[in-house]
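Descriptive structure summary
Here's the letter readout for the chains.
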Number of protein chains: 2
Amino acid sequence: MSSSAATPWKQLLFSSIQANSHLKNSSYFQLATVTSNGRPSNRTVVFRGFQDESEKILINTDTRSRKIDDLKHCSFAEICWYFTDSWEQFRISGPVDVIDGTNPDPLKLQQREKSWFACSLKSRLQYMAPAPRLPSLSEQHTKTPSLDPSIGPVPAFCLLLLDPDQVDYLNLKSNERLIFTSGLSVDGDKFWTSDKVNP
Amino acid sequence: MSSSAATPWKQLLFSSIQANSHLKNSSYFQLATVTSNGRPSNRTVVFRGFQDESEKILINTDTRSRKIDDLKHCSFAEICWYFTDSWEQFRISGPVDVIDGTNPDPLKLQQREKSWFACSLKSRLQYMAPAPRLPSLSEQHTKTPSLDPSIGPVPAFCLLLLDPDQVDYLNLKSNERLIFTSGLSVDGDKFWTSDKVNP
């Protein structure tokens, strides 16, 4: 086992993102949560980067989607990110902070606003669409809502912030697997250890 | 809501498999389970087809992998299968039957054997490798075990059989979403209903 104060898996992930950046879908990954009845749930979401220089992963979602209910019941999630060109898999797990417009923390609301304006106008319009999973009325498809580009996040816009506590890296080309686990030092600082394990 | 006795989502899935078959990774999907401590778990696995003419999905795995512990704790799983070329997502959930060499049902053991022989020799050799997730000893990599092609499944070979009870289909090109839900008729026959919902 080796120990390091930095975030050793982050450089590995950046390399994979770089190596697969020619593929449109390389920023898509699958996010697993647990429903209120204890069953697993899984869907594709888009990687929106890290929060500033931290290791926290940004994901945009709709407050009306079921994953919000899931995360209220169990705040943990696991990302499975498979890079099709380099044959690498990252499984990233940790607690998720759900930041909607009612969040009492001004810094979090600021981050939510930043994420909103980082979205394309087309992406922002999705949050003004009829509620996901409700019966579809075909008439709804004809009218496209208009949106002032200077207007801040609408109520349905929700930011998820996943704070990794374990990263399981698998390289199917080299057949290598590394498990990164976070810990807290006596000073309360987060640190990472890594273990080379059998694939 | 429309009702049908057949398996309406299966044809949709076959079309997607066909449309994406030029991509090596189109048979890979992410399987979410729940760990014994109630957290979500997520990894990439390979679609091994349906059991005969049924709608049950075949997945091969190692009895020593953590998903086996997960499924003993909670027998439900959710597949998230994203087709990168056609922009379609299938979320397929249901209970999973774990079939290892100790299974008392001769028909299930027969299916496990069939799945074993359907694997390439290279795939079969993986089940003779050191236990997944245990510390990796570099010396282990030098020796390749040999395997008689006529020999049946080794103890580590395990077949998973996912019996779908819900399929959530999303088409990001047409922006359409269909949810297929199974039910049981008064005669005890399984049937499917489908609902067109907002994406």
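Residues numbered from 1 in each chain as written. Chains lettered and ligands numbered in written order. Predicted model: local features only at pLDDT ≥ 70, side-chain atom pairs only at ≥ 80, totals over all residues. Heavy atoms only, no water.

**Thoughts on the packing of aromatic side chains**
- In the structure shown here, the tally under the stated rule is 28 aromatic pairs over all chains.
- Measuring from ring centre to ring centre gives 5.0 Å for Tyr-127 of chain B and Phe-157 of chain B, while their planes differ by 85 degrees; the resulting arrangement is edge-to-face. Of the two residues, Tyr-127 of chain B sits in the loop between helix H4 (121-126) and strand E7 (157-162) while Phe-157 of chain B sits in strand E7, which places them 30 residues apart along the sequence.
- You can call Tyr-127 of chain B buried: its relative accessible area is 10%.
- The class of Phe-157 of chain B is buried, set by a relative accessible area of 0%.
- Each residue in the set Trp-9, Phe-14, Phe-29, Phe-47, Phe-50, Trp-81, Phe-83, Phe-90, Tyr-169 and Trp-192 of chain A is aromatic and connected to the rest through ring pairs, giving one cluster.
- A cation over a ring is seen here: Lys-10 of chain A above Phe-50 of chain A, with NZ or CZ 4.5 Å from the ring centre.
- Its guanidinium or amino end placed over the ring of Trp-87 of chain A, Lys-173 of chain A lies 5.6 Å from that ring's centre, counting from NZ or CZ. (Phe/Tyr/Trp six-rings, centres within 6.5 Å; stacked < 30°, edge-to-face > 60°. Helix = DSSP H or I, 4+ residues; strand = E, 2+ residues; numbered from the N terminus. Buried < 20%, exposed > 50% of the residue type's maximum accessible area, 1.4 Å probe, protein only. Lys NZ or Arg CZ within 6 Å of the ring centre and 35° of its normal.)

**What to know about the relation of the copies chain B and chain A**
- Take chain B, turn it by 180 degrees, move it 0.0 Å along the axis, and it overlays chain A with an RMSD of 0.0 Å. The relationship between the two copies is best expressed as a two-fold rotation axis.
- Counting the interface residues of chain B, we find that 100% of their copies in chain A are interface residues as well, pointing to one common contact surface. (Least-squares fit on C-alpha atoms with pLDDT ≥ 70 in both. Contact = heavy atoms within 4.5 Å.)

**Topic: the pairing of strand E6 (residues 88-99) of chain B**
Residues and elements named next belong to chain B.
- Most of E6 sits inside the fold, with nine of its twelve residues counted as buried.
- Alignment of strand E5 (residues 76-83) against E6, held across eight bridges, turns out to be antiparallel. Among the inter-strand pairings, Ile-79 is bridged to a residue of E6, identified as Ile-92.
- Connecting E5 to the antiparallel partner E6 that follows it, the hairpin turn spans four residues, and Trp-87 within it adopts a positive phi of roughly 55 degrees.
- Note: E6 against strand E8 (residues 166-171), six bridges, orientation antiparallel. By the bridge assignment, Ile-92 is partnered in E8 with Val-167. (Pairing = 2+ DSSP bridges.)

**Description of the UniProt feature "domain: Pyridoxamine 5'-phosphate oxidase Alr4036 family FMN-binding" (unreviewed entry) in chain A**
- In the UniProt entry, the feature "domain: Pyridoxamine 5'-phosphate oxidase Alr4036 family FMN-binding" (unreviewed entry) is given for residues 7-99 of chain A.
- Between the end C-alpha atoms of residues 7-99 of chain A the distance is 24 Å, and the span holds 22% helix and 43% strand. (UniProt positions renumbered as here; feature names shortened; annotations may be inferred.)

**Regarding the interface of chain B and chain A**
- On the chain A side, the residues contacting the 47 residues of chain B number 48 residues.
- Of the roughly 3,600 Å² buried where chain B meets chain A, counting both sides, 51% is carbon and sulfur surface.
- The interface formed by chain B and chain A contains four salt bridges.
- The salt bridge involving Asp-168 of chain A is made with Arg-133 of chain B; its shortest N-O contact spans 3.7 Å.
- Our count for the contact surface shared by chain B and chain A stands at 21 residue pairs in polar contact (both at pLDDT 80 or more).
- If you list the elements that add at least two residues to the side of chain B that touches chain A, you get strand E2 (28-34), strand E3 (40-46), E5, E6, E8, strand E9 (176-184) and strand E10 (190-197) of chain B.
- By residue class, the composition of the side of chain B that touches chain A is 21 nonpolar, 16 polar and ten charged. (Buried area = accessible area lost by both parts, 1.4 Å probe. Salt bridge = Lys/Arg side-chain N within 4 Å of Asp/Glu carboxyl O. Polar contact = N/O pair within 3.5 Å; in protein donor to acceptor, adjacent residues only side chain to side chain. Nonpolar A, V, L, I, M, F, W, Y, C, P; charged D, E, K, R; others polar.)

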